[in-house]
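Here is how the chains run, residue by residue.
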Amino acid sequence: CPLCNTLDSNMMVIATNNANLGKAWSQYYLGTQTEVKGEHGSAKEAVGWYEKAAGQGHPQACLDLANIYLKEEFGMRDLPKAEAYAVKAIGLHTAYTLIANERLVDIAREFHLSDDNGSAERILSRLISEKSDSNILSSAGFLLLDMQSNS
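Residues numbered from 1 in each chain as written. Predicted model: local features only at pLDDT ≥ 70, side-chain atom pairs only at ≥ 80, totals over all residues. Heavy atoms only, no water.

Caption draft 1: Structural detail: the overall build of the protein chain. When you go through the protein chain residue by residue, the secondary structure sums to 8 helices and 0 strands. Reading the secondary structure of the protein chain in the N-to-C direction produces α-α-α-α-α-α-α-α. Dimensions along the principal axes, computed over C-alpha positions, put the protein chain at roughly 60 × 30 × 25 Å. By residue count, 40% of the 151 residues in the protein chain fall in the buried class. Counted over contacts in the protein chain with a minimum sequence separation of 6, partners at least 24 positions apart contribute 46%. Accessible surface, the protein chain: about 8100 Å² in total, of which carbon and sulfur atoms supply 54%. (Helix = DSSP H or I, 4+ residues; strand = E, 2+ residues; numbered from the N terminus. Buried < 20%, exposed > 50% of the residue type's maximum accessible area, 1.4 Å probe, protein only. Contact = heavy atoms within 4.5 Å. Areas by Shrake-Rupley, 256 points an atom, 1.4 Å probe, with all protein chains shown as cover.)

Structure representation (structure tokens):
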């Protein structure tokens, strides 16, 4: 609808102005809009906005970056970066601990599948030593057992 397009356009202008002033929430918003809609830019541009927001301590931006760097869909897969952003999200806000720990198990699994068992074991040992959520502990423990039985 024409009104929706006008509102969306106005919101993008306001968000861009605020993002350029260093407002993390606007940087995060622009990242989501760029990633989801695609018409406002590329995946690399979305990651750029997310990284700016994460650099200022935006926990959801950190978690989104962990997901982007974990997956291959954007062609930016980087497991060490995925791990670093998941750990940063945990450190920024406790509400993100469970989902970030789930992401860390996924990252450990991908390290294992790429034959980097040292990185996988480091992540899993950390999760186990921190006595994470019982589901996380189960997932981490099973993956660790699987790795040990295959070596």
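Caption draft 2: Molecular detail of the environment of Gly91. Topologically, Gly91 is positioned in helix α5 (residues 79-92). As for Gly91 and Glu45, which are separated by 46 residues in sequence, their C-alpha atoms are 25 Å apart.

Caption draft 3: Structural detail: the packing of aromatic side chains. Going through the model one piece at a time under the given rule, you end up with 2 aromatic pairs. Between Tyr28 and Tyr50 the ring centres are 5.5 Å apart and the planes differ by 40°, which places this aromatic pair in the tilted class. Residue Tyr28 is located in helix α2 (residues 24-37), and its partner Tyr50 is located in helix α3 (residues 43-55); the two are separated by 22 residues in the primary sequence. With a relative accessible area of 17%, Tyr28 lands in the buried category. Residue classification places Tyr50 among the buried positions, given a relative accessible area of 1%. (Phe/Tyr/Trp six-rings, centres within 6.5 Å; stacked < 30°, edge-to-face > 60°.)

Caption draft 4: Geometry of helix α8 (residues 134-149). Between its first and last C-alpha, α8 extends 22 Å over 16 residues, near the 22 Å set by a 1.5 Å rise per residue. Of all the residues in α8, the buried ones are Ile136, Ala140, Leu143, Leu144 and Met147. In a view along the axis of α8, the buried residues occupy a sector of 100°, so they form one face of it. Relative to its buried face, α8 has exposed residues pointing more than 90 degrees away, namely Ser134, Asn135, Phe142, Leu145 and Ser149. (Expected span 1.5 Å × (residues − 1). Arc of directions from axis to C-beta.)

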